[in-house]
Amino acid sequence: MSLHCAFQTSENLYLILQNCPGGELFFHLQRFRRFPEAVARFYCAEIALALHYLHQHGIIYRDLKPENILIDAEGYLKLTDFGFAKYCETRTYTLCGTPEYLAPEVLLNKGHGKPVDWWTLGILTYEMIAGIDPFNDDDPMAIY
């Protein structure tokens, strides 16, 4: 996502970012329930490129989900909400993320690294094709 301008007042920091009129991937997934295979493949490839870029720079994203993906005017995806992202070259132990997308190593609290992002991409890809996430339940403990 392109940063067009940033400025601050004594109380706030303002960021002016690229407009993404396509909205959240979540909206479209809810609307269509699932995507044609070609669309899911395109979106998966785009996300894989974004994760690869972050990983090359030592950053684990850790919160991949449809709500954190925006669609720009040309139909390309943009990752947003880097609140759980972390610079980490080895392992980290913070329990964070969304229950349906958490990798087993995060839940087991034995330390996790960049592979957790690939796990969540697998979950998201499944969801885009099947129309439901593979670990679905009303009770988060059942999901875990």
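Residues numbered from 1 in each chain as written. Predicted model: local features only at pLDDT ≥ 70, side-chain atom pairs only at ≥ 80, totals over all residues. Heavy atoms only, no water.

S.K.: Whenever I open this one, the overall build of the chain confuses me. Can you help?
M.R.: Assigned secondary structure in the chain consists of 5 helices and 7 strands. Helices and strands in the chain line up, N terminus first, as β-β-β-α-α-β-β-β-β-α-α-α. For 144 residues, the compact-globule estimate of 2.2 N^0.38 gives 15 Å, and the C-alpha radius of gyration of the chain, at 16 Å, lies within 12% of that figure. Along the first, second and third principal axes, the C-alpha atoms of the chain reach 45 × 35 × 30 Å. Buried positions account for 37% of the 144 residues belonging to the chain. The long-range share in the chain, meaning contacts at least 24 apart out of those at least 6 apart in sequence, stands at 54%. Surface summary for the chain: the accessible area is close to 8700 Å², and the carbon and sulfur share equals 57%. Of the side chains in the chain, 11 bear a positive and 18 a negative charge, and the two mean positions are spaced by 5 Å. (Helix = DSSP H or I, 4+ residues; strand = E, 2+ residues; numbered from the N terminus. Rg over C-alpha atoms; globule rule 2.2 N^0.38 Å. Buried < 20%, exposed > 50% of the residue type's maximum accessible area, 1.4 Å probe, protein only. Contact = heavy atoms within 4.5 Å. Areas by Shrake-Rupley, 256 points an atom, 1.4 Å probe, with all protein chains shown as cover. Lys, Arg positive; Asp, Glu negative; His and termini not counted. Charge placed at Lys NZ, Arg CZ, Asp CG, Glu CD.)

S.K.: Help me out: how do you make sense of helix H4 (residues 115–130) in this one?
M.R.: Since one α-helical turn is 3.6 residues long, residues separated by three or four positions face the same way. Along its 16 residues, H4 runs 23 Å from first to last C-alpha, staying within 8% of the 22 Å computed at 1.5 Å per residue. Within H4, the full set of buried residues consists of Val116, Asp117, Thr120, Leu121, Ile123, Leu124, Thr125, Glu127 and Met128. At its buried positions, H4 is contacted by helix H1 (25–32), helix H2 (37–56), strand S4 (59–60), strand S5 (69–71) and helix H3 (104–107). Looking one or two places after H4, you find Gly131, whose phi comes out positive at around 90 degrees. (Expected span 1.5 Å × (residues − 1).)

S.K.: Teacher, can you tell me more about the sheet that holds strand S3 (residues 23–24) here?
M.R.: Through backbone hydrogen bonds, the strands of a sheet pair up, either in parallel or in antiparallel fashion. Reading across the sheet, the 3 strands line up as S3-S5-S6 and stay open at both edges, with antiparallel pairing between neighbours. Unpaired on one side and paired on the other, S3 and strand S6 (77–79) mark the two borders of the sheet. Sheet topology places S5 next to S6; 3 bridges connect them, and they run antiparallel. By the bridge assignment, Ile69 is partnered in S6 with Leu79. Contacts from H2 reach S5 and S6 within the one sheet, and its direction differs from that of S6 by about 35 degrees. (Pairing = 2+ DSSP bridges. Axes fitted to C-alpha atoms, helices over the stretch in contact; angles between N-to-C directions.)

S.K.: Can you help me understand the packing of H2 against H4 in this one?
M.R.: In the contact formed by H2 and H4, the axes pass within 10 Å of each other and the chain directions differ by 165 degrees. What the angle tells us is that H2 and H4 run roughly antiparallel. As H2 runs across H4, the sense of the crossing is right-handed. Touching Ala40, Tyr43, Cys44, Ile47, Ala48, Leu51, His52 and His55 of H2 are Asp117, Trp118, Leu121, Leu124, Thr125, Met128 and Ile129, all from H4. Looking at side-chain class alone, the contact of H2 with H4 contains 11 nonpolar, 3 polar and 1 charged residues. (Parallel < 35°, antiparallel > 145°, perpendicular 65-115°, else oblique. Left-handed = near helix turned anticlockwise from the far one by under 90°. Nonpolar A, V, L, I, M, F, W, Y, C, P; charged D, E, K, R; others polar.)

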